[in-house]
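A look at the structure
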Amino acid sequence: MRLKKIYELADGIAPFALSKEYCEKYGFRDNSGIQLDCGNEITSVLFSLDLSLAVVDYAKKIGADCIFTHHPAIFNPLISLDAEGRGREIVECAKAGISVISAHLNLDAAEGGIDDYLMQGLGGKSALETMHALTGGGYGKIFTVEEQPVKEFVEQAEMRFHTNKTIVYGKRPVHRVASFCGAGTNDDTVAFALKHGADTFVSSDGKHHCIAALAEHGVNVILLTHYAAEFYGFTRFYEKFQILLKGTDVVSELIADERFL
């Protein structure tokens, strides 16, 4: 199977056009798609949230000739590649004949994508409001759960997302939740949560002034690790991809970085 076919299979789950639409409509930047095509047949795909040297080494160990990541392996412009500096992971992949593909904002925002699965993992069934609506998807959700103590809500979240590194502010009962996958704690998401009457805000990578603004309005703030909040949905994506690979000669594996869960 060629890398183009891997791209097409991923596009059927999380259309790459969503990334372009997101950037054009809301002023974001992304680099989803094929990052490195070594031109060889793909027989084994390793799925990982990030591209790291450890992931490249593991791909070599198991004989994977493609790495599929969520976070783009190339995000900021690379003027040059350095085996000991910027882009060294890509250099190692090229030397080993390992192609690389990434699905970022399209996978965040797709129906049944990472942002949807964050909501579902937190106990939500459907979004009452979406902050950034897209054609066939969107980012940032307002939803309700059965009213419960914040301690109970957090315990359930830690169990589902397999993490114990959660940061919690507030003691208010949880009922109306705002959630945003990834680095979703910013002025816009805070304003969206407050506008729609959320009593609880869930995201990652919290900035102090955002936390303070939410706390000032009596809103609980629950910060999962960026990795845990997204790996949950990325795992669901991997499971869907496995189904598409059935009947082919391509095998796949998912690797987790336990340091960040």
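Residues numbered from 1 in each chain as written. Predicted model: local features only at pLDDT ≥ 70, side-chain atom pairs only at ≥ 80, totals over all residues. Heavy atoms only, no water.

The interhelical angle for the contact between helix H6 (residues 114-121) and helix H10 (residues 226-245), taken along N-to-C directions, is 115 degrees, at an axis separation of 8 Å. Here H6 lies roughly perpendicular to H10, going by the angle between them. Our pair here, H6 against H10, has a crossing hand that is right-handed. Contacts between H6 and H10 involve Ile114, Tyr117, Leu118 and Gly121 on the former and, on the latter, Ala229, Glu230, Tyr232, Gly233, Phe234, Arg236 and Lys240. (Axes fitted to C-alpha atoms, helices over the stretch in contact; angles between N-to-C directions. Helix = DSSP H or I, 4+ residues; strand = E, 2+ residues; numbered from the N terminus. Parallel < 35°, antiparallel > 145°, perpendicular 65-115°, else oblique. Left-handed = near helix turned anticlockwise from the far one by under 90°. Contact = heavy atoms within 4.5 Å.)

One open sheet holds the six strands; their spatial order is E5-E6-E8-E9-E10-E7, and the pairing between them is mixed. Both edges of this open sheet fall to strand E5 (129-134) and strand E7 (167-169), since each of them pairs with a single strand only. For this sheet the average axis-to-axis angle between neighbouring strands, irrespective of direction, equals 20 degrees. Of the pairings in the sheet, the one linking E7 to strand E10 (residues 220-223) comprises three bridges and is antiparallel in character. Bridging from a neighbouring strand, Val168 pairs with Ile222 of E10. Running over the sheet, helix H8 (residues 187-195) touches E5, strand E6 (137-148), strand E8 (174-179) and strand E9 (200-203) and is turned about 130 degrees from E5. (Pairing = 2+ DSSP bridges.)

Inspection of every chain in the model, using the stated rule, returns eight salt bridges. In this structure, Lys151 engages Glu155 in a salt bridge whose closest nitrogen and oxygen atoms are separated by 2.6 Å. Remark: Glu155 and Lys151 occur in helix H7 (residues 150-161); sequence separation between them is four residues, near one turn of the helix. Since its relative accessible area comes to 41%, Glu155 is described here as partly exposed. The partner of Glu239 in a salt bridge is Arg236, with the nearest N and O atoms 3.2 Å apart. Placement of both Glu239 and Arg236 in helix H10 is noted, with a separation of three residues, approximately one turn of the helix. Owing to a relative accessible area of 38%, Glu239 belongs among the partly exposed residues under this scheme. The network of salt bridges with common partners includes Lys60, Glu92 and Lys95. (Salt bridge = Lys/Arg side-chain N within 4 Å of Asp/Glu carboxyl O. Buried < 20%, exposed > 50% of the residue type's maximum accessible area, 1.4 Å probe, protein only.)

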